[in-house]
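Structural overview for review
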Amino acid sequence: MFDSFSKKISGIFDKLRRSGALKESDVDAALREIRIALLEADVSLEVAKKFVAGVKEKAVGQDIVKSVSPGQMVTKIVYDYLVELLGASEEINLNKKPYKIMLIGLQGAGKTTTSGKLAKFFTKKGKKVVMASTDIHRPAAIEQLRVLSKKISGTIFAQSEDDVKLSCDAISKLALKTTGQENADILILDTAGRLNVDDVRMDELVKTHKIIEPDETILVVDIMTGQDAINIAKKFSESVAVSGVILTRVDGDARGGVALSMRSITGCPIRFLCVGEQLDDIEFFDPNRIAGRLLDMGDIVSLVEKAQENFSQKDAEEAAKKMQEGIFTLDDMVSQMERMSKMGGLKSIMKMLPQSGQLEGLMKTHGISDKTVGRQIAIIKSMTKKEKNNYKILNGSRRKRIANGSGTTVQEVNKVIKQYEGTLGMFKKIKKMGGLGKLMSMVGK
Ligand SMILES: Nc1nc2c(ncn2[C@@H]2O[C@H](COP(=O)(O)OP(=O)(O)OP(=O)(O)O)[C@@H](O)[C@H]2O)c(=O)[nH]1
Ligand SMILES: [Mg+2]
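Residues numbered from 1 in each chain as written. Chains lettered and ligands numbered in written order. Predicted model: local features only at pLDDT ≥ 70, side-chain atom pairs only at ≥ 80, totals over all residues. Heavy atoms only, no water.

**Considerations on the overall build of the chain**
When helices and strands are counted, the chain shows 21 helices and 8 strands. For the chain, the residues scored as buried account for 47% of the 445 residues in total. Within the chain, counting contacts between residues at least 6 apart in sequence, those at least 24 apart form 75% of the total. With an accessible surface of roughly 22300 Å², the chain has 53% of that area assigned to carbon and sulfur atoms. (Helix = DSSP H or I, 4+ residues; strand = E, 2+ residues; numbered from the N terminus. Buried < 20%, exposed > 50% of the residue type's maximum accessible area, 1.4 Å probe, protein only. Contact = heavy atoms within 4.5 Å. Areas by Shrake-Rupley, 256 points an atom, 1.4 Å probe, with all protein chains shown as cover.)

Take a look at the structure:
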């Protein structure tokens, strides 16, 4: 999900970054485009308006023009707002025994599948789970949950196969009784789907809710529902007190705006995202990650954390100083490559970077991969100290010796030297242009 939205948004930010110093009119134009992108992504008008106004207020309050990196600053403001809009992640806190969870939602939203996913999730954590279904309207609906429960060892299904004729109230009472008898930690109650929010069955839902007195009432929303999902959520939360939301079909190509509106419409946290039909296809909801994906910023946060683990402050300062001075030895190149491997290799770093799609394409065209990096390290390590200090002495016979020593080819050795020359040239250019700080302010990233 989010693909087209994040593409649009990153296009808007690219423009902002290119514009150098940022004027209020630039911000206004960008915000207009962001508003359109939000609406196209199925974010409700109300939420989109609030969003744009909030970003504008923050952006204007800051001294954008003088900022070193205006594009980044606006990105950050928008990012923070997205996180705020998505709402903090709040796990289900099993603070009671038994903890009663009831799932509600429109027909086909994914309630039954999600009941199974939750049951598996909690049994894996060592909890004893009882399941039951009050879906007496659709033939085989109860059977569907029974089949799922059989796949999850350790769960108990409350209804026996003879219980088909029971009313919703009777099933609810039976579910509570079984949970008590089994001394279970959790009861998961699946309910019948409503065709629409004016369904007469809404009363039935309210009644069941009263009998069960759930600790958690989860509204299951299919993210593909788009704008309608917002109205549905409103109506459901008017009938019963919803306490959490689970979004399903997040694996599809829906526009994702539903996720952005859900928190402010229901006032409830999004608990999980469902990303497929299998029982394990359920993920914790993490607003930072989603906001990052929306802005195509990748997991910048985790990249920074990983980098911090592997680069000491001193290392970083030294590297920056060398870069400023235009110094970059072959040994520096090796240590840079080794640090990258420690951080999980190029691929995993790429994934976390913005516009990673483009970068990956570039790497492919230039034949760069983790494997080639390993060979490049071997090549540099096969050089003598003298060669490393002055790569210009690397003549044909030396290159041949290095290739033999590192188990590579002369072509590969040539390539490493070329790459090194390129980097060196770039560093010298940076120095000429007034150092890294200046460059950063121009790039705005
Ligand atoms: N791709 C995908 N499919 C899902 C997901 N969740 C559920 N489904 C599929 O959606 C269909 C409907 O799911 P159910 O769990 O039966 O939905 P329900 O809300 O219980 O439906 P009713 O009981 O008829 O109201 C099934 O085919 C599921 O496999 C999801 O996260 N991703
Ligand atoms: Mg169902």
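**Examining the packing of aromatic side chains**
In the structure shown here, the tally under the stated rule is 6 aromatic pairs. Seen from their ring centres, F121 and F272 are 5.1 Å apart, and the 75° between their planes marks the pair as edge-to-face. Taken as a pair, F121 in helix α5 (residues 111–124) and F272 in strand β7 (residues 270–274) lie far apart in primary sequence, 151 residues in all. Note on F121: relative accessible area 17%, which makes it buried. Residue classification places F272 among the buried residues on the basis of a relative accessible area of 2%. Cluster of aromatic residues (ring-pair linked, three or more members): F121, F122, F272 and F284. (Phe/Tyr/Trp six-rings, centres within 6.5 Å; stacked < 30°, edge-to-face > 60°.)

**Examining the environment of I142**
Position of I142 among the secondary structure elements: in helix α6 (residues 141–151). A residue is classified by how much of its surface remains accessible, and I142, at 12% relative accessible area, is buried. Residues I142 and D190, 48 residues apart in the sequence, show an inter-C-alpha distance of 8.9 Å. Not counting residues within four places of it along the chain, the set of residues in contact with I142 comprises S133, D135, I136, F157, Q159 and I171.

**A closer look at the nonpolar core**
I34, F51, V78, L247 and M262 are the most contacted members of the largest nonpolar core, which totals 66 residues. Examining the composition of this core, we find that 9 residues originate from one element, helix α4 (residues 70–86), more than from any other. Composition of this core by domain shows at least three residues from each of domain 1 (3–86) and domain 2 (99–294). F51 has contacts with I34, L38, V78, Y81, L82 and L85, leaving out every residue within four places of it along the chain. I92, F122, L148 and I218 belong to the second largest nonpolar core, which has 26 residues in total. (Core = buried A, V, L, I, M, F, W, Y, C linked by side-chain atoms within 4.5 Å. Domains from an automatic or database assignment.)

**Regarding the site of ligand 1**
With respect to spatial proximity, 20 residues lie near ligand 1, and among them K111, T112, T113, R249 and E277 are the closest. Measuring from an oxygen atom of ligand 1, one finds a backbone N or O atom of G108 at 2.9 Å. Here T113 contributes a side-chain N or O atom positioned 2.4 Å from an oxygen atom of ligand 1. Considering ligand 1 on its own, with 650 Å² of exposed area, one finds that the protein chains cover 82% of that surface. Per-element tally for the shell around ligand 1: the top contributor is α5, with 4 residues. (Near = heavy atom within 4 Å. Polar contact = N/O pair within 3.5 Å; in protein donor to acceptor, adjacent residues only side chain to side chain.)

**A word on the pattern of salt bridges**
A complete count under the given rule lists 16 salt bridges for this structure. As a salt-bridge pair, E143 and R146 come within 3.0 Å of each other at their nearest N and O atoms. Highlighted residues: E143 and R146, both in helix α6, separated by 3 residues, approximately one helical turn. Each of the salt bridges in this network shares a partner with another, and the network as a whole consists of K120, K124 and D280. (Salt bridge = Lys/Arg side-chain N within 4 Å of Asp/Glu carboxyl O.)

**Here's the deal with helix α7 (residues 168–181)**
Between the first and last C-alpha of α7 there are 20 Å, a value that for 14 residues agrees with the 20 Å anticipated at 1.5 Å per step. Of all the positions in α7, only C168, I171, S172, A175, T178 and T179 are classed as buried. What you see down the axis of α7 is that its buried residues fit within an arc of 130°, all on one side. Structural note: α7 exposes K173, K177, G180 and Q181 on the side pointing more than 90 degrees away from its buried face. Here the buried face of α7 lies against β2 (129–133), α6, β3 (156–157), β4 (186–190) and α8 (201–212). (Expected span 1.5 Å × (residues − 1). Arc of directions from axis to C-beta.)

**Considering the environment of A109**
Its location among the elements puts A109 in the loop between β1 (99–105) and α5. Sequence separation between A109 and R194 is 85 residues; the distance between their C-alpha atoms is 9.5 Å. If we ignore the near neighbours within four places in the chain, the residues touching A109 are V220, D222 and T248.

**Section: the side chain of T112**
Within the fold, T112 resides in helix α5. For T112, a relative accessible area of 9% corresponds to the buried category. With residues up to four places along the chain from it excluded, the contact list for T112 reads Q144, L145, L148 and D190.

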